[in-house]
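What follows is each chain in one-letter form.
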Amino acid sequence: MKDLHALLQGNGRVAIAAVGMGGVGKTTLARRYVIQHRSDYPGGVWWLSAGSIALDVSGYADRMDMRSGLPPDWNEERIVQHYFDRWHQEFGDRKLIVVDNVDRFGQVKDLLPRSGLFQVLMTTREQLQSPVKSLKLKVLSPGAAIEMLRSLMQNDAKLDGAMAEAEALCKWLGYLPLALKLMAVQVGRGRSWENLRKAFFEERVRLRMLDQPGVKLADLSEEKQRDYSLRACLQLSLRWLEPEQLSNFTWLGVLPEDATIRQGMAIVLWDVADWEAEEGLLALYESSLLSRGADTWDGATYRVHDLLHVLAKELIEQPRSIVGKDSLVGLGLSFADAQGQFLER
């Protein structure tokens, strides 16, 4: 956190980069930074998704009463720069823009502020080139992983009474924050350490056999082993959902990868009443399958992790009935048909 803050005190843009690895906590670190250092940016903080910068900027402009009639021939770049200029005119102090989940710098370069007191923080899996500075994230240390597990379990007595099992779990999970969050949920719900261990190892072997039959996990690189560990956690977390919750999760695959999810969107997506949408979102959040965004005038917002979004999208075309012991039930729809149903609602 100190290194990140020090980098952001300069004039250059900063990228948090963890090359080739998901689940290491890039977005989590960015959110923690915003919470701890919001007062260092009295001009305000805007959180944008790389795939929907123009839409997100327009949303902030709406909430700050900065929207005005713009020429219909203006492109996204011109619209975004206009609202950045308006923001700077009304709030001249230092400001922070967070751009989450950047694939490549060229994707966002023309949609970042060109002048004014702006600092830009990006999260990405790629090593971005100059003028972007990078802060590479590593997996957690064993001690930090235990502290994270303790925090996630809210100092549950089950942790103090099974420290050896907890330390082993952290090691199996490759000290990846996302994997720890997913499995901490299951421990908190009463799953025994032993049954969790068995399920995890069986699922990790199953995934490896599907991808690389005949290859031992021990012969793979540490990064590849961590990848299988994370995938096993994702699969188990979905398998242990209630059928309705799994269906709700799968429908999230229809949305853009970095969509900001609100209750109103869930009402349409799941074709349910407002209270059912709220309950559905909370259920997925409490299972660590959604992350919480900023609260807005119309309620809480959520986001699905990009790795989970890939799974949701794949499940859309999975059969509606179980075809194997470890298979997940899908919607039995083509992606185009699922999108069509969503748009008709």
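Shown above is the structure to which this text applies.
These remarks concern the structure in this document. (Residues numbered from 1 in each chain as written. Predicted model: local features only at pLDDT ≥ 70, side-chain atom pairs only at ≥ 80, totals over all residues. Heavy atoms only, no water.)

## Details of the overall build of the chain
Across its full length, the chain carries 16 helices and 8 strands. Relative to a compact globule of 345 residues, whose C-alpha radius of gyration would be 20 Å, the chain shows 21 Å and is just as compact. C-alpha extents for the chain along the principal axes are approximately 60 × 50 × 40 Å. For the chain, buried positions account for 46% of its 345 residues. Summarising the internal contacts of the chain: among those between residues at least 6 apart in sequence, 65% fall at separations of at least 24. (Helix = DSSP H or I, 4+ residues; strand = E, 2+ residues; numbered from the N terminus. Rg over C-alpha atoms; globule rule 2.2 N^0.38 Å. Buried < 20%, exposed > 50% of the residue type's maximum accessible area, 1.4 Å probe, protein only. Contact = heavy atoms within 4.5 Å.)

## Let's talk about the environment of Met 66
Residue position: Met 66 is located in the loop between α3 (53-63) and α4 (76-90). Separated by 17 residues in the primary sequence, Met 66 and Tyr 83 have C-alpha atoms spaced 7.5 Å apart. Setting aside chain neighbours within four positions, we find Met 66 in contact with Trp 46, Ala 61, Tyr 83, Arg 86, Trp 87 and Glu 90.

## Remarks on the pattern of salt bridges
Across all of its chains, the model carries 10 salt bridges by this definition. Notably, a salt bridge pairs Arg 150 with Glu 147, separated by 3.9 Å at the nearest N-O pair. Here Arg 150 and its partner Glu 147 are both found in helix α6 (residues 142-152), 3 residues apart, which amounts to about one turn of the helix. Close ionic contact of Glu 222 with Arg 226 constitutes a salt bridge, the shortest N to O distance being 3.7 Å. Highlighted residues: Glu 222 and Arg 226, both in helix α11 (residues 222-239), separated by 4 residues, approximately one helical turn. With a relative accessible area of 57%, Glu 222 lands in the exposed category. Each of Glu 203, Arg 206 and Arg 239 takes part in salt bridges that share partners, so that together they form one network. (Salt bridge = Lys/Arg side-chain N within 4 Å of Asp/Glu carboxyl O.)

## Focus on the side chain of Gln 81
Mapped onto the secondary structure, Gln 81 falls in helix α4. Leave out the neighbours within four places in its chain, and Gln 81 touches Asp 110, Leu 111, Leu 112, Pro 113 and Arg 114.

## Let's talk about the sheet that holds strand β6 (residues 261-262)
Sheet strands line up and pair through hydrogen bonds in the backbone, either parallel or antiparallel. Read across the open sheet, the 3 strands follow the order β6-β8-β7; overall the sheet is antiparallel. The strands lining the two open edges of the sheet, one partner per strand, are β6 and β7 (291-292). Here β6 runs beside strand β8 (residues 301-303); their pairing, made up of 2 bridges, is antiparallel. Residue Arg 262 lies in a different strand from β8, and its bridge partner there is Thr 301. (Pairing = 2+ DSSP bridges.)

## Side note on a negative patch on the surface
A cluster of acidic residues, Glu 244, Asp 274, Glu 276, Glu 278, Glu 279 and Glu 286, forms a negative patch at the surface. The dominant element in the negative patch, judged by the number of residues it contributes, is helix α14 (residues 274-286), at 5 residues. Following the sequence through the fold, Glu 276 ends up in helix α14. (Patch = residues over 30% accessible without salt bridge, like charges linked within 9 Å, V, L, I, M, F, W, Y side chains within 5 Å. Areas by Shrake-Rupley, 256 points an atom, 1.4 Å probe, with all protein chains shown as cover. Lys, Arg positive; Asp, Glu negative; His and termini not counted. Charge placed at Lys NZ, Arg CZ, Asp CG, Glu CD.)

## Here's the deal with helix α9 (residues 177-188)
At 3.6 residues per turn, the α-helix brings residues three or four places apart onto the same side. With 12 residues, α9 ought to run about 16 Å at 1.5 Å a step, and its terminal C-alpha atoms sit 16 Å apart, in line with that. Of all 12 residues in α9, 10 are buried, a share of seventy percent or more. Taken as a whole, α9 has its buried residues at Pro 177, Leu 178, Ala 179, Leu 180, Leu 182, Met 183, Ala 184, Val 185, Gln 186 and Val 187. Tucked into the core, α9 has its buried residues touching α6, α7 (157-160), α8 (163-172), α10 (193-211), α11 and α14. Two residues or fewer past α9, Gly 190 is found with a positive phi of approximately 105 degrees. (Expected span 1.5 Å × (residues − 1).)

## Remarks on the packing of aromatic side chains
Under the criterion given, the structure shown has 10 aromatic pairs. Across the ring face of Trp 240, the terminal group of Arg 191 is positioned such that the distance to the ring centre comes to 3.9 Å. Taking the ring centre of Trp 251 as reference, the NZ or CZ of Arg 345 above it sits at 4.5 Å. (Phe/Tyr/Trp six-rings, centres within 6.5 Å; stacked < 30°, edge-to-face > 60°. Lys NZ or Arg CZ within 6 Å of the ring centre and 35° of its normal.)

## Notes on the nonpolar core
The tendency in soluble globular proteins is for nonpolar side chains to be buried as a group. In terms of nonpolar packing, the biggest core is built from 66 residues, with Leu 149, Trp 193, Leu 238, Phe 249 and Leu 252 touching the most fellow members. Apart from the residues within four sequence positions on either side, Leu 238 is in contact with Leu 246, Phe 249, Leu 289, Leu 311, Leu 315 and Leu 328. Counting residues in each nonpolar core, the second largest holds 38 residues, with Trp 47, Leu 48, Ala 54 and Val 120 among its members. (Core = buried A, V, L, I, M, F, W, Y, C linked by side-chain atoms within 4.5 Å.)

## Things to note about α6
All buried positions along α6 are accounted for by Ala 145, Ile 146, Met 148, Leu 149 and Arg 150. Buried residues along α6 sit against α7, α8, α9 and α10.

That's the geometry; what it means functionally is another story.
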